[in-house]
Amino acid sequence: MAKITLQNLRHSYSANPTSPSDYALKQIDVDWQDGGAYALLGPSGCGKSTLLNIISGLLIPSHGKILFNDRDVTTVPPDKRNIAQVFQFPVIYDTMTVYDNLAFPLRNRGVDEARVAKRVHEIAEMLEVTAMLKNRASGLSPDVKQKISMGRGLVRDDVNVVMFDEPLTMIDPHLKWKLRSKLKELHQRVRATMIYVTHDQTEALTFADQVVVMQDGEVVQIGTPVDLFERPQHTFVGHFIGSPGMNVLKCELREGVPLLGGHPVALEGPINSGFGKFEIGIRPEFVSLAPQGLPAVIRKVSDIGRHNVVEAMVGDQRIAAVIDGPVPGQGDAVHLAFNAAQTRLYRDGWIATSPAKAA
Ligand code: ADP
Ligand code: MG
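So, here's what we can say about the structure. (Residues numbered from 1 in each chain as written. Chains lettered and ligands numbered in written order. Predicted model: local features only at pLDDT ≥ 70, side-chain atom pairs only at ≥ 80, totals over all residues. Heavy atoms only, no water.)

1. Let's talk about the overall build of the protein chain
Secondary structure assignment for the protein chain yields eight helices and 21 strands. In terms of principal-axis extent, the alpha carbons of the protein chain reach across some 75 × 50 × 40 Å. For the protein chain, buried positions account for 49% of its 359 residues. Within the protein chain, contacts between residues separated by at least 24 positions form 68% of all contacts whose residues are at least 6 apart in sequence. For the protein chain, the separation between the mean place of its 38 positive charges and that of its 39 negative charges on side chains is 3 Å. (Helix = DSSP H or I, 4+ residues; strand = E, 2+ residues; numbered from the N terminus. Buried < 20%, exposed > 50% of the residue type's maximum accessible area, 1.4 Å probe, protein only. Contact = heavy atoms within 4.5 Å. Lys, Arg positive; Asp, Glu negative; His and termini not counted. Charge placed at Lys NZ, Arg CZ, Asp CG, Glu CD.)

2. Some remarks on the pairing of strand 6 (residues 83–86)
Alternating positions in strand 6 separate into two faces, Ile 83 and Gln 85 on one and Ala 84 and Val 86 on the other, with burial throughout. Relative to strand 7 (residues 161–165), strand 6 is paired through four bridges, and the arrangement is parallel. When the sheet's bridge partners are listed, Val 86 is paired in strand 7 with Phe 164. (Pairing = 2+ DSSP bridges.)

3. Details of helix 1 (residues 48–56)
With eight of nine residues buried, helix 1 lies mostly within the body of the structure. Buried within helix 1 we find Lys 48, Thr 50, Leu 51, Leu 52, Asn 53, Ile 54, Ile 55 and Ser 56. At the C-terminal side of helix 1, Gly 57 shows a positive phi close to 95°.

4. Section: the nonpolar core
With 47 residues, the main nonpolar core has Leu 102, Ile 148, Val 162, Phe 164, Val 211 and Val 213 as its most contacted residues. For this core, the element with the highest residue contribution is helix 3 (residues 113–127), accounting for six residues. Each residue touching Leu 102, except ones within four places of it in the same chain, is listed here: Val 120, Ile 123, Ala 124, Leu 133, Ile 148, Gly 151, Arg 152 and Val 155. Core analysis: the second largest hydrophobic core is formed by 26 residues, Ile 54, Ile 66, Val 73 and Val 161 among them. (Core = buried A, V, L, I, M, F, W, Y, C linked by side-chain atoms within 4.5 Å.)

5. Quick notes on the pattern of salt bridges
Any two side chains of opposite charge can pair, on the condition that their charged atoms come close. For the structure shown, the criterion picks out 21 salt bridges. A salt bridge links Asp 79 to Lys 80, with the shortest nitrogen-to-oxygen separation between them at 3.6 Å. A salt bridge links Glu 128 to Lys 182; the nearest nitrogen and oxygen atoms lie 2.8 Å apart. Taken as a pair, Glu 128 in the loop between helix 3 and helix 4 (142–154) and Lys 182 in helix 5 (residues 173–190) lie far apart in primary sequence, 54 residues in all. The class for Glu 128 is exposed, based on a relative accessible area of 51%. Beyond isolated ion pairs, a larger network of salt bridges with shared partners links Asp 100, Arg 107 and Glu 113. (Salt bridge = Lys/Arg side-chain N within 4 Å of Asp/Glu carboxyl O.)

6. Quick word on the site of ligand 1
Every residue lining ligand 1 is accounted for by Tyr 13, Ala 24, Pro 43, Ser 44, Gly 45, Cys 46, Gly 47, Lys 48, Ser 49 and Thr 50. Cys 46 has a polar backbone atom sitting 3.3 Å from an oxygen atom of ligand 1. At a separation of 2.9 Å, an oxygen atom of ligand 1 approaches a polar side-chain atom of Lys 48. Across the shell around ligand 1, the residue classes break down as four nonpolar, five polar and one charged. (Near = heavy atom within 4 Å. Polar contact = N/O pair within 3.5 Å; in protein donor to acceptor, adjacent residues only side chain to side chain. Nonpolar A, V, L, I, M, F, W, Y, C, P; charged D, E, K, R; others polar.)

7. Brief notes about the packing of helix 2 (residues 98–107) against helix 3
Where helix 2 contacts helix 3, the axes come no closer than 9 Å and their chain directions differ by 125°. Our classification of the angle between helix 2 and helix 3 gives oblique. Helix 2 and helix 3 meet at a crossing whose hand is right-handed. Residues Tyr 99, Leu 102, Ala 103, Leu 106 and Arg 107 of helix 2 form the contact with helix 3, whose participating residues are Glu 113, Val 116, Ala 117, Arg 119, Val 120, His 121, Ile 123 and Ala 124. Its residues placed into classes, the contact of helix 2 with helix 3 shows nine nonpolar, one polar and three charged. (Axes fitted to C-alpha atoms, helices over the stretch in contact; angles between N-to-C directions. Parallel < 35°, antiparallel > 145°, perpendicular 65-115°, else oblique. Left-handed = near helix turned anticlockwise from the far one by under 90°.)

8. So, the sheet that holds strand 18 (residues 317–323)
Across the sheet, four strands lie side by side as 18-17-16-19; this open sheet has antiparallel pairing. Both edges of this open sheet fall to strand 18 and strand 19 (333–338), since each of them pairs with a single strand only. The average angle at which neighbouring strand axes cross in this sheet is 55°, direction not considered. With seven bridges connecting them, strand 16 (residues 287–303) and strand 19 associate as antiparallel partners. When the bridges of strand 19 are listed, Leu 294 appears paired with Leu 336.

This is the structure in structure tokens:
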């Protein structure tokens, strides 16, 4: 297994890139620690597959370097990088048995049959496919085929990294959670460096210890699921993660105090200096109904099981609040209170407040 370093990485598919929009990857600097479980999370088109293909060697970046354990592999071909990659669609041989499919990556490397048998049985146990080892792959359902595909990615124990590119896309929703938790368990058992690419926050947050959030060819934040939830470094992260996502509210700054619909709003701590477009960010979990506070009008109430999500209007801005207990009705006038410790200011999208120092 290896530590993977991406240094000053940029990539353009165009031969003569002229503007930033010509770059699928604008600037990437990341360290992936040996044995870590990482997710690469971002919307379709943000550059996730491009980044994976650069790590696996299918693509040579226009600028920058890739290091495995501090060794430069930027121009090393894919078959010399010792990487396992699991794709969106199952890659298995229909005419072979499940056993032979799982054995393939090992036999391909000249591993002896005794060792092949040991590894195949271990992986089959973990994936709960032992009973079908003798079956032809052609008769299997797509879910099972994808499970075997994952098994092929995990069977070698000498790889630098195992990469998964949206592996659950084709899987039935009710089976997704099962494979998702299986993968987490597999990581805990094999302890390989794993990179899991997805546009689905639930998949990323369940699988990874560290989530790398990408937007438009750039990394906007790297952190634990808790970091991403509690202190989004960018409004994009706040909005993309959580359901509903963080409220991002235009505000005006007057003498260092943000005003929302003319009312002052208390922040978590001091504002870093600078000019730009200011927005308040607060998660719906930290907005409550109160006897006094920001005047608002209820627009919609949705029951989401354990809680209600209340959407209230302050002027032309919509604020979501997660409320336990009784909720007002549509059209009611209410007051909203923000938990100040969880209320942050963003400047041009980036966080611009620091937490208050403990006394
Ligand atoms: P993701 O995997 O996050 O959906 P991709 O890495 O596939 O994103 O794509 C990033 C950007 O690069 C997109 O704008 C996409 O259209 C572009 N792109 C991807 N592959 C190619 C290619 N082979 N040639 C030209 N442009 C590409
Ligand atoms: Mg992709």
